[in-house]
Amino acid sequence: MKKFFSLLHVLTVVIVFTVQGCGSGDSELIGSLDMTATKVDDSGGYSHAESTVTYKHPTKDPTGTEISYSENIYTPTIRISSSSQTKKVNSSGAITFISKSVQQGTEPIFIDVSAQTGSLTQFKRITIPAIASLSVTPSAIAFLVTDAVGTAKTVTISGGISPYSVSSNSSNIGVAVNAATATITNNVVITGTRSATITITDGAGKSATVLVGY
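The structure presented is a predicted model; accordingly, all values stated were derived computationally and were not measured.

(A) Main features of the overall build of the protein chain. A count of helical and extended segments in the protein chain gives 1 helix and 16 strands. Sequence-distant contacts in the protein chain: of pairs separated by 6 or more residues, those separated by 24 or more amount to 60%. Element-wise, carbon and sulfur atoms account for 56% of the exposed surface of the protein chain, whose accessible area totals about 12300 Å².

(B) Up close: the pattern of salt bridges. Per the stated rule, a full pass over the model turns up 3 salt bridges. Here K39 makes a salt bridge to D41, at a shortest N to O gap of 2.5 Å. Salt-bridge contacts for D112 lead to R125; the nearest nitrogen and oxygen are separated by 2.7 Å. Placement of the pair is D112 in strand β7 (residues 109-117) and R125 in strand β8 (residues 120-128), with a sequence separation of 13 residues. Judged by its relative accessible area of 47%, R125 is partly exposed.

(C) Examining the environment of T193 more closely. On the secondary structure map, T193 appears in the loop between β14 (181-186) and β15 (195-201). The sequence separation of T193 and Y214 amounts to 21 residues, and the corresponding C-alpha distance is 6.2 Å. Within the local environment of T193, its side chain forms a polar contact with the side chain of T191, the two groups lying 2.8 Å apart.

(D) Geometry of the nonpolar core. If you look at the biggest cluster of nonpolar residues, it comprises 20 residues, and the most contacted ones within it are F143, I173, I184, I198 and V212. When residues of this core are traced back to their parent elements, those giving at least two are β11 (152-158), β14, β15 and β16 (207-213). Discounting residues that sit within four places of it in the chain, I173 has contacts with F143, S168, I184, T185, N186, N187, A196, I198, V212 and Y214. Within the second largest apolar cluster, 19 residues are counted, among which are I67, I73, V89 and A115.

(E) Representation of the layout of surface pockets within the structure. Looking at the largest pocket, its volume works out to about 250 Å³. Lining of the largest pocket is provided by 20 residues; of these, K39, D41, Q104, G160 and S162 occupy positions nearest its centre. When residues of the lining of the largest pocket are traced back to their parent elements, those giving at least two are β1 (32-41), β2 (46-56) and β11. Within the lining of the largest pocket, the residues separate by chemical class into 10 nonpolar, 7 polar and 3 charged.

(F) Here's a closer look at the side chain of D112. The exposure class assigned to D112 is buried, which follows from its relative accessible area of 10%. Looking at D112, its side chain comes within polar contact range of the side chain of Y74, at 2.9 Å. If sequence neighbours within four positions are ignored, D112 has contacts with S70, E71, N72, Y74, F123, K124 and R125.

(G) Spatial organisation of the pairing of β8. Pairing of β7 with β8 involves 9 bridges; the strand directions are antiparallel. In the sheet register, T117 faces β8, and the bridge partner there is L120.

(H) Spatial organisation of the sheet that holds β16. Strand order in the open sheet formed by 4 strands is β10-β16-β15-β12, and the pairing between neighbours is mixed. Both edges of this open sheet fall to β10 (140-142) and β12 (165-168), since each of them pairs with a single strand only. The sheet shows a mean angle of 20° between the axes of neighbouring strands, direction not considered. Of the pairings in the sheet, the one linking β12 to β15 comprises 4 bridges and is antiparallel in character. For S165, the partnering residue across the bridge sits in β15 and is T201.

(I) Representation of the sheet that holds β8 within the structure. In spatial order, the strands read β4-β3-β7-β8; together these 4 strands make up an open sheet with antiparallel pairing. Both edges of this open sheet fall to β4 (79-88) and β8, since each of them pairs with a single strand only. Direction aside, the axes of adjacent strands within the sheet are offset by 15° on average.

How each quantity is defined
Residues numbered from 1 in each chain as written. Predicted model: local features only at pLDDT ≥ 70, side-chain atom pairs only at ≥ 80, totals over all residues. Heavy atoms only, no water. Helix = DSSP H or I, 4+ residues; strand = E, 2+ residues; numbered from the N terminus. Contact = heavy atoms within 4.5 Å. Areas by Shrake-Rupley, 256 points an atom, 1.4 Å probe, with all protein chains shown as cover. Salt bridge = Lys/Arg side-chain N within 4 Å of Asp/Glu carboxyl O. Buried < 20%, exposed > 50% of the residue type's maximum accessible area, 1.4 Å probe, protein only. Polar contact = N/O pair within 3.5 Å; in protein donor to acceptor, adjacent residues only side chain to side chain. Core = buried A, V, L, I, M, F, W, Y, C linked by side-chain atoms within 4.5 Å. 1 Å grid on protein atoms, 1.4 Å probe; cavity = no way out; pocket = protein on both sides within 12 Å on 5 of 7 lines; lining within 4 Å. Points joined across faces, edges and corners; volume = space filled by probe spheres on them. Nonpolar A, V, L, I, M, F, W, Y, C, P; charged D, E, K, R; others polar. Pairing = 2+ DSSP bridges. Axes fitted to C-alpha atoms, helices over the stretch in contact; angles between N-to-C directions.

Remember, this is a structural readout, not a statement about activity or role.
So this is what it looks like as structure tokens:
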């Protein structure tokens, strides 16, 4: 009888250890999962989300760990697209995902991105605002008679769709644009009796003007 109970005890211990050793595998994916997501402006009013996901294991090289990524792109009234993919990380544990590029419209656009490995998850939302009317601030500038030839002043462009272009109806006034800033330069001695019109045009062909006195 003693032998029977001893054998039963051994079998019980074996079964306990066997059960403890079973699982879904999530025990290997301890550590942390982090994600950053930013909006990247493309030309012509298009934007996309760029997400970097980083998995860190406290003791092991993360190489080969699979990261599942999904994105949902929608407005308050329509769903634009959804997709998912899986990639494996290298020794850095970091991997970058790039969403579909979408064009700014009359409604805000939301890009929801999520990442998962095992039971670790991350979620971020990128918002692309609705198009605002093209405007320039200030809408009028004046060069003073004390301003030397080559004096430059700037105006700030907002709204519309980038990229922006700028033109002048007078060779006396030079213009240039860099991103959302237009630089206006006087090329002559100022008398204070003349005027010029600067035209700012956006990527959709909409325009706004700046009146220049010189």
